[in-house]
Amino acid sequence: MNTVDIHKAFKIIVYSLVVGLLLISCVANFESNSSDIKNQQIENHIIDWERSKSHVLAILDVIPEDKLDFKSNEEVRSFSEEFKHIISSVNGMTANALDINPQDLDIESLKTKSDIADAVTTTYNWVTSNLSEFDTSRNDEVIEYFGMFRVTRSRAISKIYEHQAHHKSKVIGNQRLAGIAPPAYGMYLFDELIEDQD
């Protein structure tokens, strides 16, 4: 082997090492970024659930105690039934999405606004606590809902939030029909209020 051949072989080895190190670095960086993105998604879910808890409690707060059983017609749930549905569905759907045991809830024992508010607070806190412990490496696992749908765990987490928002909206619509002014929503929508708007 002459000097030129040795030089070429050395260049190939160095080039291969550099390319290999770059690939390893890129993969490691991608995995790190992917993990950061998943963690940020969970943090955003937690922020949204905290905000939604405040919104649900504000919606409940403006309903007079004697109107908890109000129905705009016989085909819809009463306010009380709608809140109980939110609590129980969030509980069951979250347990399925995160592969955890559901809370032990006695939905039928919720009779007063105070009972409902306590159950909302407990349930939404339970959701955020369990989201903070969720192993995001399980995001792509496919699970079943209601024996009818297949969805990834990450998608299920979003669907639970969507479902409770749908039922909050139903309560707000019925509040209008009952002559109750619902609370404003804007404060529950965004992360940060701009203080200086001059």
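Student: So, helix H2 (residues 79-98): which residues are in play, and what are the values?
Tutor: The terminal C-alpha atoms of H2 lie 28 Å apart, and with 20 residues this matches the ideal 28 Å at 1.5 Å per residue to within 8%. Of all 20 residues in H2, 16 are buried, a share of seventy percent or more. Just downstream of H2, Asp-99 is the residue with a positive phi angle, here 60 degrees.

Student: I'd like a rundown of the pairing of strand S2 (residues 149-152), residues and numbers included.
Tutor: It is a general feature of regular strands that their side chains alternate between the two faces of the sheet. Examined bridge by bridge, strand S1 (residues 142-145) and S2 share 4 bridges and lie antiparallel to one another. By the bridge assignment, Glu-144 is partnered in S2 with Arg-150.

Student: Kindly report on the packing of H2 against helix H3 (residues 113-133), identifying the contributing residues and their values.
Tutor: The N-to-C vectors of H2 and H3 enclose an angle of 20 degrees; their axes lie 10 Å apart at closest approach. In terms of orientation, H2 and H3 fall into the roughly parallel class. Considering how the two elements wind past one another, H2 and H3 form a crossing that is left-handed. Only Ile-116, Ala-119, Val-120, Thr-123, Tyr-124, Trp-126, Val-127, Asn-130 and Leu-131 of H3 make contact with H2, whose side of the interface consists of Ser-80, Phe-83, Ile-86, Ile-87, Val-90, Asn-91, Thr-94, Ala-95 and Leu-98. Here the residues of the contact of H2 with H3 sort into 13 nonpolar, 5 polar and no charged.

Student: Report on the side chain of Asn-130, specifying residues and quantitative values.
Tutor: Relative to the assigned elements, Asn-130 resides in helix H3. Apart from the residues within four sequence positions on either side, Asn-130 is in contact with Leu-98 and Ile-100.

Student: Lay out the pattern of salt bridges in plain terms, naming residues and giving numbers.
Tutor: The tally for this structure, following the rule as stated, stands at 10 salt bridges. Of the charged contacts in the structure, one is a salt bridge between Lys-71 and Glu-81, with a shortest N-O distance of 3.8 Å. One end of the pair, Lys-71, is in the loop between helix H1 (3-61) and H2; the other, Glu-81, is in helix H2, with 10 residues separating them in the sequence. The partner of Arg-138 in a salt bridge is Glu-141, with the nearest N and O atoms 2.9 Å apart. Counted as one network, the salt bridges with shared partners bring together Asp-99, Arg-138, Glu-141 and Arg-153.

Student: For the packing of aromatic side chains, give the residues involved together with the corresponding values.
Tutor: Throughout the structure, instances matching the rule amount to 4 aromatic pairs. On the numbers, 5.4 Å between centres and 85 degrees between planes, the contact of Trp-49 with Tyr-161 is edge-to-face. Here Trp-49 is found in helix H1, whereas its partner Tyr-161 is found in helix H4 (residues 153-177), with 112 residues between them in sequence. Assessed through its relative accessible area of 2%, Trp-49 is described here as buried. The structure contains a cluster of three or more aromatic residues connected by ring pairs, namely Trp-49, Tyr-124 and Tyr-161.

Student: So what's going on with empty space enclosed by the protein? Which residues, and what values?
Tutor: Going through the model one piece at a time under the given rule, you end up with 1 cavity of 30 Å³ or more. Taken as a whole, the largest cavity holds about 30 Å³ of empty space. Around the largest cavity sit Trp-49, Thr-94, Leu-98, Val-127, Leu-131, Ile-157 and Ile-160, which together line it. Listed by contribution, the elements that provide at least two residues to the lining of the largest cavity are H2, H3 and H4. Here the residues of the lining of the largest cavity are counted per class, giving 6 nonpolar, 1 polar and no charged.

Student: Run through the nonpolar core, naming residues and quoting values.
Tutor: Ranked by size, the top nonpolar core spans 36 residues in total, and within it Phe-83, Ile-116 and Tyr-145 carry the most contacts. Of all the secondary structure elements, the ones that give two or more residues to this core are H1, H2, H3, S1 and H4. Here this core gets 9 residues from one element, more than from any other, and that element is H2. Once you skip the residues sitting within four places of it in the chain, Ile-116 turns out to touch Leu-60, Leu-68, Ser-80, Phe-83, Ile-87 and Leu-110.

Student: I'd like a rundown of a nonpolar patch on the surface, residues and numbers included.
Tutor: Residues Phe-146, Met-148 and Phe-149 make up a contiguous nonpolar surface patch of roughly 390 Å² in combined accessible area. Among the structural elements, Phe-146 can be located in the loop between S1 and S2. Its relative accessible area of 60% is what places Phe-146 among the exposed residues.

Rules of the game
- Residues numbered from 1 in each chain as written.
- Predicted model: local features only at pLDDT ≥ 70, side-chain atom pairs only at ≥ 80, totals over all residues.
- Heavy atoms only, no water.
- Helix = DSSP H or I, 4+ residues; strand = E, 2+ residues; numbered from the N terminus.
- Expected span 1.5 Å × (residues − 1).
- Buried < 20%, exposed > 50% of the residue type's maximum accessible area, 1.4 Å probe, protein only.
- Pairing = 2+ DSSP bridges.
- Axes fitted to C-alpha atoms, helices over the stretch in contact; angles between N-to-C directions.
- Parallel < 35°, antiparallel > 145°, perpendicular 65-115°, else oblique.
- Left-handed = near helix turned anticlockwise from the far one by under 90°.
- Contact = heavy atoms within 4.5 Å.
- Nonpolar A, V, L, I, M, F, W, Y, C, P; charged D, E, K, R; others polar.
- Salt bridge = Lys/Arg side-chain N within 4 Å of Asp/Glu carboxyl O.
- Phe/Tyr/Trp six-rings, centres within 6.5 Å; stacked < 30°, edge-to-face > 60°.
- 1 Å grid on protein atoms, 1.4 Å probe; cavity = no way out; pocket = protein on both sides within 12 Å on 5 of 7 lines; lining within 4 Å.
- Points joined across faces, edges and corners; volume = space filled by probe spheres on them.
- Core = buried A, V, L, I, M, F, W, Y, C linked by side-chain atoms within 4.5 Å.
- Patch = residues over 30% accessible without salt bridge, like charges linked within 9 Å, V, L, I, M, F, W, Y side chains within 5 Å.
- Areas by Shrake-Rupley, 256 points an atom, 1.4 Å probe, with all protein chains shown as cover.

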